[in-house]
Structure formats: structure tokens, C-alpha cells
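Structural overview for review
The primary structure of each chain is shown beneath.
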Amino acid sequence: QVQLVESGGGLVQAGGSLRLSCAASGRTFSSSVMGWFRQTPGKEREFVATIDWTGTSTYYADSVKGRFTVSRDNAKNTVFLQMNSLKPEDTAVYYCAAKLYDSGKNDMSRDYAYWGQGTQVTVSS
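In this report, the structure presented in the accompanying data block is examined. (Residues numbered from 1 in each chain as written. Predicted model: local features only at pLDDT ≥ 70, side-chain atom pairs only at ≥ 80, totals over all residues. Heavy atoms only, no water.)

Another point: the side chain of Ser21. Structurally, Ser21 can be placed in strand 3 (residues 18–25). Setting aside anything within four residues of it in sequence, one finds Ser21 in contact with Val5, Glu6, Ser7, Trp36, Thr78, Val79 and Phe80. (Helix = DSSP H or I, 4+ residues; strand = E, 2+ residues; numbered from the N terminus. Contact = heavy atoms within 4.5 Å.)

Let us now look at the packing of aromatic side chains. A complete count under the given rule lists six aromatic pairs for this structure. Here a set of aromatic residues connected by ring pairs shows up, and it is made of Phe37, Phe47, Tyr59, Tyr95, Tyr112 and Trp115. Taking NZ or CZ as reference, Arg19 lies 4.0 Å from the ring centre of Phe80, over its face. Over the ring of Trp115 we find Arg45; its NZ or CZ atom is 4.6 Å from the centre of that ring. (Phe/Tyr/Trp six-rings, centres within 6.5 Å; stacked < 30°, edge-to-face > 60°. Lys NZ or Arg CZ within 6 Å of the ring centre and 35° of its normal.)

Bringing the environment of Phe68 into the picture now. Checked against the element boundaries, Phe68 lands in strand 7 (residues 68–73). In sequence terms Phe68 and Gln82 are 14 residues apart; their C-alpha atoms lie 5.5 Å from each other.

Coordinates in, geometry out; function isn't part of it.
Shown next, in the form of C-alpha cells:
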């Protein structure tokens, strides 16, 4: 079992930065692939970024590549999403998620077993 709690969301102007955190509890965190997804009303949940259990392999959606950075600290059971050069189209509820096996790209939401409650990110123009 893994329980996830996101924090760090808020309102920011376009071009600004935010750092999301996802605190995890459970013995399996350090061996879990972690992902970040986002969702806006009326749309499906969208993949943002993922990081493997070692923290050495990451993968990003094209829409955020070069602007967002995912990282993790297994000693603190926390995964981060640093978001720079934010755009109004980044506005969404952001979720972190955990899966217990590595399937390569790890960009499919249906493969993630555990989810946080989400944190709102709003980027004003």
C-alpha cells in the first residue's frame, strides 16, 4: 500500500514557477515508479512526467519537456515536480501516482495503482 499527498499548488503568473511535492507513506515507495498527471474539467487525465525507482530514468510529455523536472528523494519518501516557464495551458489539477512495476515509458494512467488527492495549479496570463 502507498498513500500519497500532494502539496505546492497555487496561483502563479505566466512565466513563473511552482514546485509540487508528493509525500508518500508505505514501505513500497522506494521501489515504486512515480508519475505526475494532470486533469482539467471535461478532459481525460493527461500524463506529465514519470521517474523510475532509482531516480535516474525520467520521461516527460512533449508539452512540458524542457520546462518541468521530476525528481525524488527516497530517504524522505517524496517526489517533486519543478515547473518553470509556466503557461496558462498548464492550469489543471495535478496528481501524483505510484505503480509497482516498470514498463518502460510508464505514461499510462491505468497502470498506476495509487493516487493522491490532487493539487490545483492555476497559471494566469
